[in-house]
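Structural description and commentary
Given next are the chains, with one letter for each unit.
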There are 6 protein chains.
Amino acid sequence: MKKIILTGAAGRLGSYLREPLSKLADVLVSTDLAENVGNLYEGESYVRADLTNFDEIKALLKGADMVVHFGAYGDEASFETILGPNIIGAYNIWEAAAQNGVRRVVYASSIHAVGMHSKMDFIGTDAPHRPDTFYGLAKCFSEDLASLYWDKRGVESVCMRILSCAQVTNARALGTWLSYDDLIHLVEQCISTPTTKFTVVYGVSNNDRVPVDNAKASYLGYRPKDNAEQFAKEILAETPPLDHSDPEHMCVGGPFASVELGNSGLATMNIINDTKKS
Amino acid sequence: MKKIILTGAAGRLGSYLREPLSKLADVLVSTDLAENVGNLYEGESYVRADLTNFDEIKALLKGADMVVHFGAYGDEASFETILGPNIIGAYNIWEAAAQNGVRRVVYASSIHAVGMHSKMDFIGTDAPHRPDTFYGLAKCFSEDLASLYWDKRGVESVCMRILSCAQVTNARALGTWLSYDDLIHLVEQCISTPTTKFTVVYGVSNNDRVPVDNAKASYLGYRPKDNAEQFAKEILAETPPLDHSDPEHMCVGGPFASVELGNSGLATMNIINDTKKS
Amino acid sequence: MKKIILTGAAGRLGSYLREPLSKLADVLVSTDLAENVGNLYEGESYVRADLTNFDEIKALLKGADMVVHFGAYGDEASFETILGPNIIGAYNIWEAAAQNGVRRVVYASSIHAVGMHSKMDFIGTDAPHRPDTFYGLAKCFSEDLASLYWDKRGVESVCMRILSCAQVTNARALGTWLSYDDLIHLVEQCISTPTTKFTVVYGVSNNDRVPVDNAKASYLGYRPKDNAEQFAKEILAETPPLDHSDPEHMCVGGPFASVELGNSGLATMNIINDTKKS
Amino acid sequence: MKKIILTGAAGRLGSYLREPLSKLADVLVSTDLAENVGNLYEGESYVRADLTNFDEIKALLKGADMVVHFGAYGDEASFETILGPNIIGAYNIWEAAAQNGVRRVVYASSIHAVGMHSKMDFIGTDAPHRPDTFYGLAKCFSEDLASLYWDKRGVESVCMRILSCAQVTNARALGTWLSYDDLIHLVEQCISTPTTKFTVVYGVSNNDRVPVDNAKASYLGYRPKDNAEQFAKEILAETPPLDHSDPEHMCVGGPFASVELGNSGLATMNIINDTKKS
Amino acid sequence: MKKIILTGAAGRLGSYLREPLSKLADVLVSTDLAENVGNLYEGESYVRADLTNFDEIKALLKGADMVVHFGAYGDEASFETILGPNIIGAYNIWEAAAQNGVRRVVYASSIHAVGMHSKMDFIGTDAPHRPDTFYGLAKCFSEDLASLYWDKRGVESVCMRILSCAQVTNARALGTWLSYDDLIHLVEQCISTPTTKFTVVYGVSNNDRVPVDNAKASYLGYRPKDNAEQFAKEILAETPPLDHSDPEHMCVGGPFASVELGNSGLATMNIINDTKKS
Amino acid sequence: MKKIILTGAAGRLGSYLREPLSKLADVLVSTDLAENVGNLYEGESYVRADLTNFDEIKALLKGADMVVHFGAYGDEASFETILGPNIIGAYNIWEAAAQNGVRRVVYASSIHAVGMHSKMDFIGTDAPHRPDTFYGLAKCFSEDLASLYWDKRGVESVCMRILSCAQVTNARALGTWLSYDDLIHLVEQCISTPTTKFTVVYGVSNNDRVPVDNAKASYLGYRPKDNAEQFAKEILAETPPLDHSDPEHMCVGGPFASVELGNSGLATMNIINDTKKS
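Source: prediction; values computed, not measured. (Residues numbered from 1 in each chain as written. Chains lettered and ligands numbered in written order. Predicted model: local features only at pLDDT ≥ 70, side-chain atom pairs only at ≥ 80, totals over all residues. Heavy atoms only, no water.)

As a further point, take the overall build of chain A. Counting secondary structure elements, chain A contains eight helices and seven strands. Projected onto the principal axes, the alpha-carbon positions of chain A cover approximately 55 × 40 × 40 Å. In chain A, buried positions account for 67% of the 278 residues. At a minimum sequence separation of 6, the contacts of chain A that also span at least 24 residues come to 68%. Total accessible area computed for chain A in this model is approximately 9,400 Å², and 47% of it derives from carbon and sulfur atoms. Between the centroid of the 25 positive side chains of chain A and the centroid of its 35 negative side chains there is a distance of 6 Å. (Helix = DSSP H or I, 4+ residues; strand = E, 2+ residues; numbered from the N terminus. Buried < 20%, exposed > 50% of the residue type's maximum accessible area, 1.4 Å probe, protein only. Contact = heavy atoms within 4.5 Å. Areas by Shrake-Rupley, 256 points an atom, 1.4 Å probe, with all protein chains shown as cover. Lys, Arg positive; Asp, Glu negative; His and termini not counted. Charge placed at Lys NZ, Arg CZ, Asp CG, Glu CD.)

Have a look at this one:
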């Protein structure tokens, strides 16, 4: 692997990926809207670029083997806010990848693409889309775009539907937690698997209470090691009886399943904030 | 039913729907980008509106019970061309519907949302999206949007995935034909069924060679009457052996499955042209 | 066929079956709680018997080839009311059948055994039970009993889950109607099919809007002819927008899906009253 | 958790649960037909009650958060014997739970509710009922009752279909064993999971030869630790070639799949004896 | 279509196909082991050839567009008897087709490739093989061979699993009958469909009691018209209660499901005798 | 277990099995085409026999309890080469087993029976056959033969579809590796499980990247321990980007999915060489 591009490199999850990715390729080009991302790792360079600017993205991807695409507005927001970085930005990434002959896009999709499904249905990777927010809707769009670019332009994609990659602080996260170590393991598998075509995989740790089924993505060899059950006793002791009629507690999307469309009110909860726009 | 809005009323399919819809409601408001649509039917009025202009759409839907949404750029085109009327336009329709308390959107989706599936798989209405074009990608987006507005805002939708509503001139159409009479029957069922939540249904006639499965949408009571087999002998006599490796002949999307992304070259074939922008 | 027993012969549906059953066997023994059922058909005799009395039932089934079992309390009611004729009565029928070497029980089960399933799921005959009332719960019990007597005692059963066998007076019935002619056709198939083991089949006419799937029971050769769509225009014109959150409109069980447990309040609606206890 | 009721507390499995349950709640009320259950654990009290007496059960459940329902006649027996504690008793528990606002019933269902399915089908939790005995039939009834009380009265239930919770003494048990530790773990998960609605889960250890599939109940976080394979070598060495035509060896219900209906002859085998009536 | 080869042309079914096939192609070459097949139709020629002789078959298929392959030993027989014409003969046909660039083989497969499946399972075209005889085993082999030659050599095949193409004289045939008209219709669809890849389809009329599911082969446009139900009343009147434990009555393979392996004893029943070797 | 027959005992895999099998039975009879297999284990004897000679095979199996059948031509070859040992040989084994009252055949089937399925479909044990070679076609034939002999003659079989039992030297083998220890464990389970009827199971280690699903064979208790992931880093470092259009990289059959029919060219690769004919 000669060259990897990492978008959203200044975001919470992107920051965790810079070091391991710098070791997987000769050259890692990190990018985000920020002016810089501080000290660089060996082999890493940083280029500021705006996902909504096709020319910048096309130039950025020149000569790349793969793109690890974590750049996006990282929370529920108005459709206008999502439209730019998450929808048009996704188009720019895949179109630039196709024009540059990039082999694969490893994409930070999200459980919120299917967030309104019940956690009692143990959905697989081929469940129909059922987004819970505009944020999730843009993930659906990007997955379909990835499918299209595979079928029509030969660009491979792995869409990692991350469940919740943050501290385990509530009952839902006992099932949905993705540890940072498992995130890194997953991204590495997505990169190293020789062929992936268009693949969907859930990004979740080896939790006892995992509510989704990764069986069909078995060939990726993703076998997470962490288990949120270590936090169960303490968290459940503090969890009051939950309201069955509240989608937050019944749907895999969790709080996003209940949130008002276009307005998460979750900014301070820090649940998903891959790439905050400044 | 007091008031129905028909978008894309100047388009080919929209034109066919004006008369039957004018009979189903006290008031039919037809709309399109054209200055007018010629003589109006009893109970019909015409309002020019641009799908990409939210204020115009919001005003248009005021007091409506249902929207029959056929307005869109009606052919494969560049992403830039599709983005406005087909993606932003879809958002405007559903958001305006929600703000106006409209009960249901009856939507002209398309087989091209799942066009890369093999015709030998007899896909049902819950097959995963697999678009064949940017045109199809926008249909995927609109279906997911419709799902979201049902789950979050209580707006019902029926997404009619029309297969091919045009003259039967080739072997594929023997399976995919939707006659105008069956189109009208389908739209009427989508309107008259008391509750639909979020429903997907294939728009296809009762063809012997139908390649998709409508079983799950059975409660709509859609039972098409026409059958393209009447044209089979003549068409097959003129059909040379087809190339198995060409997606056009193997996928439900037909020619769109083979077309270059962003450039259908089909403009003159008139296969799909719901609403041509002037 | 030498001898058929018909239970619930004084009930609404039982009354319709007496004449056709009298023609299918040398001897038809009709039974119910009533003192008599009026004039008898050729080959028919009437015996008063109480389903809750095993000795009476055992005597009744002596020498019979098949039992057509429509006797039951025919409405939602308190568990105490249902327990006797519908639960203990069912046990008495199958146990007496086994002791008498009766070949098959053709049983009037009901959609209410699975009434809480969504009409949008197009459930088949192997969907898990999901009763909507104590009435439906007793149907579940009888089906499981029938399964048990097939596996353990070699008594065949066909459980006909009747949807709604009554006048079409509301939107739901457009999908759920079973005409009297189709009921008779169905019962005749259940009797004449050479082997049935334990079979479940939906009792519903050939309605355009049928919400259940009989595919797995195909070998019975049940092909209904009537279609409630003839009543659609008139009924839908009088149907106001329905409440999506009311199970009555979303579940296959219809009004029973919404009714208070143990108290249908439907007595005067006459929807189901196979066998009224006096 | 303030108050838990344990029925069948004097039975074999109930006895194992008293101590761990006494630690999960402020108050544990144990109940059975016996006069007493010997020494009580801290927080435990004992109340004699008869499942067939609704008034006793209603009084017993007053103020309870959850009921752990293991009380039943614990072996195959005549229908008359099963009818009281296992069928009417079940109704009394759920109805009393609903009237008292009890949140959840954790129920000792049994593999015998689906015992006639082949062990080669690897059935999941949504396989149709297929009881092997009157004992199993009553489990089917109770599961359907639990489904009904969730849908209609908002009482949650977890139906634990226990496979075989006893010493491993034969080849079947290599697959069906549920160790006491895993039983306790399972009951704890059923209690601590914040929402369960109506859930079915198999109660079986982490045996290499497990013949059923718990995937859909994944959100309970039940991950058994014991494995009967430790006993395999010794037991298989003593197992003669088994008769393929004997349901005992081919069906998940094991000996109950072969037993004469209503008469297990297994009393001395001690396979299932949750609650022996004196 | 310029040239079609029909094997088994002297057999019962082959004889029926000669005339319609002669009209579908410029040239029809009929072949069998017999010296001649009597008067020839316009465009038809006859060539004696032995399926077990590769050189003869290779020469026969020269210049052909399609092969309609009905030649085989047409009854259950010893493995040695089946091995030549039905196994080695099948290899010769497909290998010769590949060497000659023949586009498609339309093959008379049989329900006996899956004959041990229960008629209550309503198996589709992708059910696993489950042969009932050596005759059926050779059909399995030929289907797998056809699959292989499609994947590796680009020869298309349609495997028509004929249920029973003979007079309706027993209860099973009410479900399994394939009328001669429907056979001809099916063969015509298999020939005229522009692309088929490797396809399996059941050859059965539009019988009310049809026990198999052709949904996945929908794109062939096979819609049979005849219905054996016209014979039902008479046949069922003469049908005694059938033995549930006899596979003949429970399996889709009918009498072959019960027959002794290698020895049908059915020669005089004339159920299947495509091509009798002299 | 008194007597086991091992065919293919001189082959690569057969050689590994001789010692463990010699410990499982009082008598192990090893057989192959070779004159001898060197030193014998305690309880082992060696008999030269030709699979294509029924009389030799019938004599060989006399008094045996089980046959472990690994004898076959062990590579892709012309149909003529495969026909003898792999097709006729298989018939001889099962027919001789039936005539001798042998209880079970444990058979070395192969992934090549389904080799053209995509590794992204995670196929189960009931996926339709889809052979990749004549070698695989003969495995399909043998599996169907095994099914037939179970249904008709009561001979049990376990068909172990071995993925790749050889050194891990390429990316595919990271998913398909079956270690020798796991092979032995699998064979032991196939022998010791009391009843198996007709069973299919995949022979593959506990690899992170395993591309097939063994869930339905769970009752065998096969739980492999080895994991090829230990070789992943080194192998993937040397693996160039793979060609998506090459079946070798996309299908579970690996190199056999791409090989020319009848001519593997793999002889020197030593991938599969159970039994080389001298």
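Continuing now.
The next point concerns the arrangement of the chains. Over all C-alpha pairs, chain B and chain D never come within contact, reaching a minimum spacing of 20 Å. Chain C makes no contact with chain F; the smallest distance between any of their C-alpha atoms is 20 Å.

Moving on, we get to the environment of tryptophan 150 of chain C. Mapped onto the elements of the fold, tryptophan 150 of chain C is located in helix H4 (residues 134-153). The exposure class of tryptophan 150 of chain C is buried, given its relative accessible area of 16%. Every residue in contact with tryptophan 150 of chain C, bar those within four places of it in the chain, is listed here: Val155, Glu156, Lys197 and Phe198 of chain C together with His244 of chain E.

This brings us to the relation of the copies chain A and chain B. Superposition record for chain A on chain B: RMSD 0.0 Å, screw rotation 180 degrees, translation along axis 0.0 Å. What we have between these two chains is a two-fold relation. Ranked by how close their C-alpha atoms come to the rotation axis, the residues of chain A are headed by proline 128 of chain A, at 2.6 Å. Taken together, the interface assignments show that 100% of the residues at the interface of chain A recur at the interface of chain B, consistent with an identical surface on both copies. (Least-squares fit on C-alpha atoms with pLDDT ≥ 70 in both.)

To continue, consider the sheet that holds strand E6 (residues 156-162) of chain E. All names here are of chain E. Taken together, seven strands build an open sheet; the order of strands is E3-E2-E1-E4-E5-E6-E7 and the sheet is parallel. Looking at the sheet topology across the chains shown, the edges are occupied by strand E3 (44-48) and strand E7 (198-203). Taken over all neighbouring pairs, the strand axes of this sheet differ in orientation by 20 degrees on average, direction set aside. Bridge count for E6 against E7 is six bridges, and the pairing is parallel. Directly across from cysteine 159, in E7, lies its bridge partner valine 200. (Pairing = 2+ DSSP bridges. Axes fitted to C-alpha atoms, helices over the stretch in contact; angles between N-to-C directions.)

A word on the relation of the copies chain F and chain E. Note on the identical chains: chain F maps onto chain E by a rotation of 180 degrees and an axial translation of 0.0 Å, with an RMSD of 0.0 Å. Of the interface residues in chain F, 100% have counterparts in chain E that sit at the interface too, so the contact is made through matching surfaces.

Turning to the confidence of the model for chain A, a few remarks are in order. Residues and elements named next belong to chain A. Averaged over all residues, the pLDDT of chain A equals 94, while 95% of them reach at least 70. A low-confidence stretch, residues 267-278 stays under pLDDT 50, and its non-local contacts, those more than four residues away or across chains, total 34 contacts. The complex model carries a pTM of 0.95, and its ipTM stands at 0.94. (pLDDT = per-residue confidence, 0-100.)

Within a pair of aromatic rings, the relevant descriptors are the distance that separates the centres and the angle that separates the planes. Evaluated as defined, the whole model comprises 57 aromatic pairs over all chains. Geometrically, the ring pair formed by tyrosine 91 of chain C and phenylalanine 134 of chain D is edge-to-face, given 5.8 Å between the ring centres and 70 degrees between the ring planes. Of the two residues, tyrosine 91 of chain C sits in helix H3 (residues 79-100) while phenylalanine 134 of chain D sits in helix H4 (residues 134-153), which places them in two different chains. For the pair tyrosine 91 of chain C and phenylalanine 134 of chain D, one class covers both residues: buried. For the ring pair tyrosine 149 of chain C and phenylalanine 134 of chain D, a centre distance of 6.3 Å and an interplane angle of 55 degrees mean the geometry is tilted. One end of the pair, tyrosine 149 of chain C, is in helix H4; the other, phenylalanine 134 of chain D, is in helix H4, on a second chain. Across this residue pair, the class does not change: tyrosine 149 of chain C and phenylalanine 134 of chain D are buried. Members of the aromatic cluster, joined through ring pairs, are Phe79, Tyr91, Phe134, Phe141 and Tyr149 of chain A together with Phe79, Tyr91, Phe134, Phe141 and Tyr149 of chain B. (Phe/Tyr/Trp six-rings, centres within 6.5 Å; stacked < 30°, edge-to-face > 60°.)

Residues and elements named next belong to chain F. Ordered in space as E3-E2-E1-E4-E5-E6-E7, the seven strands form an open sheet in which the pairing is parallel. Each having just a single partner strand, strand E3 (44-48) and strand E7 (198-203) make up the two edges of the open sheet. Recorded for the sheet is a direction-independent mean angle of 20 degrees between the axes of neighbouring strands. Its contacts with the sheet place helix H6 (residues 180-192) against strand E1 (3-7), strand E4 (66-69), strand E5 (104-110), strand E6 (156-162) and E7, and it is angled at close to 165 degrees to E6.

This part takes up the interface of chain F and chain E. Listed per partner, the contact involves 31 residues of chain F and 31 residues of chain E. For the pair chain F and chain E, the summed buried area comes to about 2,500 Å², and 69% of that belongs to carbon and sulfur atoms. Inspection of the chain F/chain E interface yields two salt bridges. Aspartate 151 of chain E is the partner of arginine 130 of chain F in a salt bridge, and the nearest nitrogen-oxygen pair spans 2.8 Å. Secondary structure elements with two or more residues in the side of chain F that touches chain E: helix H3 (79-100) and helix H4 (134-153) of chain F. A total of 12 residues in the side of chain F that touches chain E trace back to one element, the largest contributor, which is H4 of chain F. The residue makeup of the side of chain F that touches chain E, split by class, is 19 nonpolar, four polar and eight charged. (Buried area = accessible area lost by both parts, 1.4 Å probe. Salt bridge = Lys/Arg side-chain N within 4 Å of Asp/Glu carboxyl O. Nonpolar A, V, L, I, M, F, W, Y, C, P; charged D, E, K, R; others polar.)

With that out of the way, let us pick up the state of the cysteines. In total, this model carries zero disulfides over all chains according to the counting rule given. A disulfide-free cysteine, cysteine 165 of chain B has its sulfur positioned 13 Å from the sulfur of cysteine 190 of chain B, the nearest such atom. We note that cysteine 140 of chain C lacks a disulfide partner, and the nearest cysteine sulfur, in cysteine 140 of chain D, lies 9.8 Å from it. Owing to a relative accessible area of 0%, cysteine 140 of chain C belongs among the buried residues under this scheme. (Disulfide = S-S within 2.5 Å.)

Here the focus is the interface of chain A and chain B. Listed by partner, the interface residues are 31 residues for chain A and 31 residues for chain B. Carbon and sulfur atoms make up 69% of the surface buried where chain A meets chain B, a total of about 2,600 Å² over both sides. On the chain A side of the contact with chain B, Leu148, Lys152 and Leu261 of chain A bury the most area, a combined 23% of that side's loss. At the surface where chain A touches chain B, the tally comes to two salt bridges. Linking chain A with chain B are 10 residue pairs in polar contact (both at pLDDT 80 or more), by the criterion used here. Secondary structure elements with two or more residues in the side of chain A that touches chain B: helix H3 (79-100) and helix H4 (134-153) of chain A. Per element, the largest residue contribution to the side of chain A that touches chain B is 12 residues, and it comes from H4 of chain A. Among the residues forming the side of chain A that touches chain B, the class breakdown is 19 nonpolar, four polar and eight charged. (Polar contact = N/O pair within 3.5 Å; in protein donor to acceptor, adjacent residues only side chain to side chain.)

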